[in-house]
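Structural features, examined
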Amino acid sequence: MILLMSKINIGLLHGLGGGLGDFNKLNQELIQKGYNVFKIDIPGHESPEILKNMNSAKIIKNIKSKISQYKNIVLLGHSFGGSLAINLASLVRPLGIVLFSTPYYYDYSTRIIGKGLAKLSIKIPAIRTKDIIFAKNISTSYKKHSYYYLKTFSWFMDFVSQTKHKIKNISCPSLIICGSKDNIIHHSHSQKIFSDMIATQKELYILPNSGHMIMHDLDGKQAQQKIFQFLEKIAG
């Protein structure tokens, strides 16, 4: 089946603590190429206080209701957004998924420690690494909020670890992109996701000069080209 680009609906899912601005460059390029694009503002990002009391079930239910109106969907998820895309794949049956810098698993001991500390309502500074600071044109929660609660990362780690068991069910065409210089989610996570997928059409690209915010990093153009090629294959 051959699909017109205008018939493909691309859903963009930002990362934990991120925002709609994370995909500004890619969004503009996709629209110029004729794709329909809808950006999903993940629930709970209005404030750290709201986000700490969210859970994956609430978020997935909310997003599913937002995208149920679309057909011929391709999901593009960054980091936490990639984990959401993996979960949504079995619910909305997308034409394909694209995962950027997506986490694979957090070990049991790390999660137990996180749960214990989360009870203390500890606040931690927002992540401010070179992966994020240099991207001056990103308007995200990384700049809106100066801190997050450890409780947020506790349920996030649990969610990621539960998602691991759903990766093997991904059968739709899949593109996985990560940066070799990512100091937030190591590129080995993407390699494990790629290995676990049963999809026969799957691709993995490890970009040599990029960190966590791939689309705004030195290999951003290269990543865009990989995405466009992937979408063209889906369109037929």
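Scroll up to find the structure.
The structure reproduced in this document is the subject of the present report.

What follows deals with the environment of Pro-103. Checked against the element boundaries, Pro-103 lands in the loop between β4 (96–100) and α5 (108–118). The class of Pro-103 is buried, set by a relative accessible area of 2%. Distance in space between the C-alpha atoms of Pro-103 and His-189 is 5.5 Å, their sequence separation being 86 residues. In this view, Pro-103 contacts Ser-79, Phe-80, Ser-83, Phe-156, Val-160, Ile-185, His-189 and Ile-193; residues no more than four positions away in its chain are not counted.

The next subject is the pattern of salt bridges. One pass over the structure, following the stated rule, counts one salt bridge. Taking the shortest distance from any N to any O, the salt bridge between Lys-233 and Glu-203 comes out at 3.5 Å. One end of the pair, Lys-233, is in helix α10 (residues 220–235); the other, Glu-203, is in strand β8 (residues 202–207), and 30 residues separate them in sequence.

Read from one edge of the open sheet, six strands run β2-β1-β3-β4-β7-β8, paired in parallel fashion. Of all the strands in the sheet, just β2 (36–40) and β8 have a single pairing partner and so form its edges. In this sheet, adjacent strand axes meet at a mean angle of 15° when their direction is disregarded. Where strand β7 (residues 174–179) lies against β8, six bridges are found, and the strand directions are parallel. The partner of Gly-179 across the bridge, within β8, is Leu-207. Of the strands in this sheet, β1 (9–13), β3 (73–78) and β4 touch helix α4 (residues 80–92), which is tilted by about 155° from β3.

About the criteria used
Residues numbered from 1 in each chain as written. Predicted model: local features only at pLDDT ≥ 70, side-chain atom pairs only at ≥ 80, totals over all residues. Heavy atoms only, no water. Helix = DSSP H or I, 4+ residues; strand = E, 2+ residues; numbered from the N terminus. Buried < 20%, exposed > 50% of the residue type's maximum accessible area, 1.4 Å probe, protein only. Contact = heavy atoms within 4.5 Å. Salt bridge = Lys/Arg side-chain N within 4 Å of Asp/Glu carboxyl O. Pairing = 2+ DSSP bridges. Axes fitted to C-alpha atoms, helices over the stretch in contact; angles between N-to-C directions.

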